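Structural features, examined
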Amino acid sequence: QTFQSQSWQRIERPRPLERSARHGFHGVRGSRSDHTRSIAAAGVILVALQSRKRQRGRVCRRGLTPLAERLGRMAGVMPKQDPAPALPSLPDMPHFEALGQMKLADLQHIQSVILASPVVLPAAVGVFVVALLSLRRGRQPWLEELPLRYDGAWIAAYWQRRPLRLLQRFVEVSIRAGSFSVAMEIDKLLGREEAMSAQRAREAKELITDLGPAFVKIVQVFASRPDALPEAYQKEFEGLLERVRPFKKDEAMDTMSRNLGGDEAVRSLFDDMSVFDEPVAAASVGQVYRAKMNGREVAVKVQRPDVREQVTLDLFVVRQIASIGSFVPIERYARQFRSLFDLVDRAAPPFIEELDYEFEASNQKEFAELISKCDLVSDTVQVPEVVQASREVLIQEWLPGKKLTEPGAAKDQAQQVVKVLLNSYMVQLLETGFLHGDPHPGNFVLMPSGKIGILDYGLMTRISEDKRVALIQYLMHVQANMYDECLQDLVTLEFLPDGIASDKEAREVIVPRLAETLNILFEQSDLRVQREKFIKQREELEASGKLEILQQELQGIAKKYGSFQLPGYATLIIRALATLEGVGLKASSNFSLKSETFPYIARRLLTDDSLRIREALRAYLYKGRSRIAPDRLESLSQGFRTFTNLMKGDRVEAAAAGAPTPETVEATNNTNGNEARQSGENLDLATKDIAAVLFSPDGNFLQDLLIDEGVAAVDALSRAAVLQSLRALNPLGPLAVPVAAPLRLLLGDRLEERLLNREDKQALLVIRKIVQIIQAGQPISTSGSLQDLQRLVQLATGFGPTLVPGATAFAQRFAQRLVQRALQRVAEDLVQPREMVNA
């Protein structure tokens, strides 16, 4: 409508632009506003013509040039197709640097031309503004290339300009997936599901392979779990771990040439080029060749062609579906689509980062440094050295040994390998805060030395110190069945919204359900068993009429505070633990994540002296009572010993604790064990570690707790000795009166109960458990508690001079507490009988 308005129609047309410029538009009829519009139109035309050819990577303002041409035609100022415009000539300035070399006369000429021409001035201003905008916005290549890191808007801008490719992908996925679904439904209708399961499993594997890396990555999690899929599908999908259909040699050589400096550079780099005829492994993102560089064996990892396009396209498709679905009028479904949209943005970044092998090499080097500095895993985990890295090619050290997917020692000792792996992952998760996020069986190598090599560092996640401590507290509370505290832990970990933990009504609804859910999830790792228990639980609630009430209560809480959410940092953690759990279930049907993760928690509780861990240790040991719970102390003792000997002990100790047996045992691996056994003390590494904590010269929270328990035990022992003496005097009759009478006068008629109460008996039991911790797992003898205490002292003095300063400080603090305890008990013994008499 603007183009057809009268103000535009009044302009004389057609008048060539060069004539207008030469006469300063004096020959144009119309008002001053008409002249202004004409000048603006001319400026837009000039800017558009200059913007028509832009460098690659700049923003292309689509439609600007056609709009300017139409504007010019309607305004009557559109230039004809002349060979050269008759604009005032300017000095030749190919570069901005030429301005500094121009003479004053040239600059004055430019100024006069600009001021004299009403066309050039707005055009120059327009060009200047566009240049400033370009500088401000910087280089914007998303129309021509994909990002190296996840950027949802960038990926959307890239694929929205390629509608045909997008449509092709929609059609491809729909037809392939739809055809397979129809075939499955036909099998159901004809009752031949079981007979066709093997064939359908093969078809499903081919379908997933054809659909690309994004689908393969999703299925790999299920392929690692024997409880998630039917047996036929499980068997076929195992091949997706590292036996995906390989790409051609020519494509691999092109990628290597592009990334390593050309064909000649590639040939000069490797000793034998024939190794690139066939890969030794092919995964979702790339494939691996076993080669040699100057006689050194290396693994050469080459990325699949166009893998970045495939992955980002699939992410964009899912993200668009979620975005469209969020406008569904049914709120429940709309909320689910919004959650899916957020999940894509949270989970996608590490999968895009995995496509950059330079970033993976950086992760690998950082992980290797952290592992080498952590004595908890440095003797059990091996990280291959990075030799050379580029965006699409990674060359690293070749680790000898067998993978868990290959027949041999690793597969035969899968249960032992998983035990070490899970504890090493607990160290990564809760100690270093840098977690390997892709723990499927194809990424682990059992080396001849007994170490476990970890491969593929594309998927990694970081966990902050605060979240690490919160996870320890949560796992400890789950282990101790402290579900009320678990609710607060889940709020701290951002799985539940703030406010729920402080709402009494909400706690009364959530905590019982949380207890039931966690019991099912952690009691048994098998998904099939868990599913059956959840179905049974639902049926019981439905039969009792409580299900509908519970649903209404939970909906009310969700409306008030929000629903359960998956924090971004937890995506890869859950994926990693679920995958490891599946590997463990393959090794043993009785595998339990709860029991297998406790050894690390036990060691952390006993050795970490930070405030929050102190609180967690006290809550676990005391269970709200005045004395330590002996069974809790025993479980901590066993967990501490298992983890320490498994991860830090020599090969004999590690094997006894459940580690895999190495094919060859190096002499250096047995040094610690031989030294310990030469002294005849038979003390393992766990005993030495816990003794170093107990007798630390600086003191710690665990030492304080055990001093309190030791003082209580000595007090109980002395009273038990007095009681035993009185019982020995009973046969003497009247001869015992001079000894017994004063005690009965002081303590009253209930002499035995007052001398040795229930708390004293618990203290005696606790001291025997402490002896068990220090005794390197030897069975507790049937001797009395006094002998237990004496053996504890003997063990402390048998560690040699290294613990003398700490033992001395321990003894001094122990003596001070003992005197305080004795005076306190005497005062209680004197006061209570008088109160009873007065009563």
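Residues numbered from 1 in each chain as written. Predicted model: local features only at pLDDT ≥ 70, side-chain atom pairs only at ≥ 80, totals over all residues. Heavy atoms only, no water.

Structural notes on the overall build of the protein chain
Across its full length, the protein chain carries 36 helices and eleven strands. Buried positions account for 46% of the 839 residues belonging to the protein chain. Within the protein chain, contacts between residues separated by at least 24 positions form 68% of all contacts whose residues are at least 6 apart in sequence. Here the protein chain displays about 43,500 Å² of accessible surface, and carbon together with sulfur accounts for 55% of that area. (Helix = DSSP H or I, 4+ residues; strand = E, 2+ residues; numbered from the N terminus. Buried < 20%, exposed > 50% of the residue type's maximum accessible area, 1.4 Å probe, protein only. Contact = heavy atoms within 4.5 Å. Areas by Shrake-Rupley, 256 points an atom, 1.4 Å probe, with all protein chains shown as cover.)

Some details on the sheet that holds strand S9 (residues 444-446)
Sheet architecture is open: four strands sit in the order S4-S10-S9-S7, paired in mixed fashion. Looking at strand neighbours, the two that pair on one side only are strand S4 (381-382) and strand S7 (402-403), the edges of this open sheet. Across three bridges, S9 lies against strand S10 (residues 452-454) in antiparallel orientation. Following the sheet pairing, Phe 444 is matched in S10 by Ile 454. Along the sheet, helix H18 (residues 414-432) contacts S4, S9 and S10; its crossing angle with S10, the most-contacted strand, is approximately 50°. (Pairing = 2+ DSSP bridges. Axes fitted to C-alpha atoms, helices over the stretch in contact; angles between N-to-C directions.)

Points about the sheet that holds strand S1 (residues 281-282)
Pairing is antiparallel in the open sheet, where five strands are placed in the order S1-S2-S3-S6-S5. Two strands in the sheet have a free side with no partner beyond their single neighbour: S1 and strand S5 (386-389). Relative to strand S6 (residues 393-397), strand S3 (residues 296-303) runs antiparallel, the two sharing five bridges. Opposite Val 302, over in S6, you have Val 393 as the bridge partner.

Structural notes on a negative patch on the surface
Where like charges cluster on the molecular surface, the negative patch consists of Asp 250, Glu 251, Asp 254, Asp 263 and Asp 306. The element that contributes the greatest number of residues to the negative patch is helix H12 (residues 249-260), accounting for three residues. Note on placement: Asp 306 falls in the loop between S3 and helix H14 (307-325). The class for Asp 306 is exposed, based on a relative accessible area of 56%. (Patch = residues over 30% accessible without salt bridge, like charges linked within 9 Å, V, L, I, M, F, W, Y side chains within 5 Å. Salt bridge = Lys/Arg side-chain N within 4 Å of Asp/Glu carboxyl O. Lys, Arg positive; Asp, Glu negative; His and termini not counted. Charge placed at Lys NZ, Arg CZ, Asp CG, Glu CD.)

Thoughts on the packing of aromatic side chains
For the structure shown, the criterion picks out nine aromatic pairs. Ring geometry for Phe 270 against Phe 276: centres 5.1 Å apart, planes inclined by 70°, an arrangement best described as edge-to-face. Of the two residues, Phe 270 and Phe 276, neither departs from the other in class, the shared state being buried. Between Phe 367 and Tyr 457, the ring centres sit 5.2 Å apart and the planes meet at 50°, which makes this aromatic pair tilted. Note that Phe 367 is positioned in helix H16 (residues 357-373) and Tyr 457 in the loop between S10 and strand S11 (460-462), a separation of 90 residues in sequence. (Phe/Tyr/Trp six-rings, centres within 6.5 Å; stacked < 30°, edge-to-face > 60°.)

Brief notes about helix H25 (residues 593-607)
An ideal rise of 1.5 Å per residue puts 21 Å on 15 residues; H25 measures up with 22 Å between its terminal C-alpha atoms. Across the 15 residues of H25, 13 count as buried, placing the element largely inside the fold. (Expected span 1.5 Å × (residues − 1).)

Some points on the pattern of salt bridges
Taken as a whole, this structure holds 40 salt bridges when the rule is applied. Measuring nitrogen to oxygen at the nearest pair gives 2.8 Å for the salt bridge that ties Asp 187 to Arg 192. Residue classification places Asp 187 among the buried residues on the basis of a relative accessible area of 2%. A salt bridge links Lys 648 to Asp 689; its shortest N-O distance comes to 3.0 Å.

Thoughts on the pairing of S6
The side chains of a regular strand alternate between the sheet's two faces. Most of S6 is tucked away: four of the five residues are buried. Examined bridge by bridge, S5 and S6 share three bridges and lie antiparallel to one another. Note that in S6 the partner of Gln 388 across the bridge is Ile 395. Hairpin connection between S5 and S6: a loop of three residues separates the two successive antiparallel strands.

Concerning a nonpolar patch on the surface
There is a patch of nonpolar side chains on the surface, built from Leu 167, Phe 170, Val 171, Ile 175 and Ile 321 and spanning about 430 Å² of accessible area. Tracing the backbone through its elements, the reader meets Val 171 in helix H8 (residues 163-190).

Some words on the pairing of S3
Judged by how many residues are buried, S3 sits mostly within the fold: six of eight residues are covered. Pairing between strand S2 (residues 286-293) and S3: eight bridges, direction antiparallel. Residue pairing for S3: Val 288 is matched across the bridge by Lys 301. Joining the antiparallel neighbours S2 and S3 is a turn of two residues, in which Asn 294 adopts a positive phi near 55°.

Digging into the side chain of Glu 360
Its location among the elements puts Glu 360 in helix H16. A relative accessible area of 1% means that Glu 360 is categorised as buried. Excluding anything up to four places from it in sequence, Glu 360 contacts Lys 301, Glu 354, Leu 394, Asp 456, Tyr 457 and Gly 458.

Overview of the environment of Ala 656
Within the element layout of this structure, Ala 656 appears in helix H28 (residues 651-657). Measuring from C-alpha to C-alpha, the distance between Ala 656 and Thr 642 comes to 9.1 Å, with 14 residues separating the pair along the chain.

Some remarks on the environment of Met 273
Tracing the backbone shows Met 273 in the loop between helix H13 (263-269) and S1. Distance from Met 273 to Ala 291, taken between C-alpha atoms, is 8.1 Å for residues 18 residues apart in sequence. If we skip the residues at most four places from it in the chain, Met 273 touches Met 253, Val 266 and Arg 267.

Thoughts on the packing of H18 against helix H27 (residues 630-648)
The contact between H18 and H27 brings their axes to 11 Å, and the two run at 100°. It follows that H18 is roughly perpendicular to H27 by the angle criterion. Contact with H18, carried on its side by Lys 419, Val 420, Asn 423, Ser 424 and Val 427, involves Phe 643, Leu 646 and Met 647 of H27 and no other residues of that element. For the contact of H18 with H27, the residue count by class is five nonpolar, two polar and one charged. (Parallel < 35°, antiparallel > 145°, perpendicular 65-115°, else oblique. Nonpolar A, V, L, I, M, F, W, Y, C, P; charged D, E, K, R; others polar.)

Notes on the nonpolar core
Ranked by internal contacts, the top residues of the largest apolar core, which has 106 residues, are Leu 430, Tyr 474, Ile 601, Leu 617, Leu 621 and Leu 636. By residue number, the principal contributor to this core is H18, which donates ten residues. Not counting residues up to four positions away in its chain, the partners in contact with Leu 617 are Leu 605, Leu 606, Leu 636, Phe 701, Leu 702 and Leu 705. In terms of nonpolar packing, the next biggest core, distinct from the first, is built from 22 residues, Ala 156, Tyr 158, Trp 159 and Val 344 among them. (Core = buried A, V, L, I, M, F, W, Y, C linked by side-chain atoms within 4.5 Å.)

Some points on the environment of Ser 224
Assignment of secondary structure puts Ser 224 in the loop between helix H10 (213-223) and helix H11 (231-237). Overall, the relative accessible area of 0% leaves Ser 224 in the buried class. A C-alpha to C-alpha distance of 7.9 Å links Ser 224 and Leu 580, two positions 356 residues apart in sequence. The contacts of Ser 224, once residues within four sequence positions are left out, are Gln 234, Leu 241, His 440, Pro 441, Thr 579, Gly 582, Val 583 and Lys 586.

A word on unusual backbone geometry
Most peptide bonds adopt trans geometry, and most residues besides glycine take a negative phi value. Phi at Asp 456 takes a positive value of approximately 70°, unusual for a residue other than glycine. One non-glycine residue, Glu 494, lies in the positive phi region at around 75°. Structurally, the position occupied by Glu 494 is in the loop between helix H20 (483-492) and helix H21 (504-523). A relative accessible area of 38% places Glu 494 in the partly exposed class.

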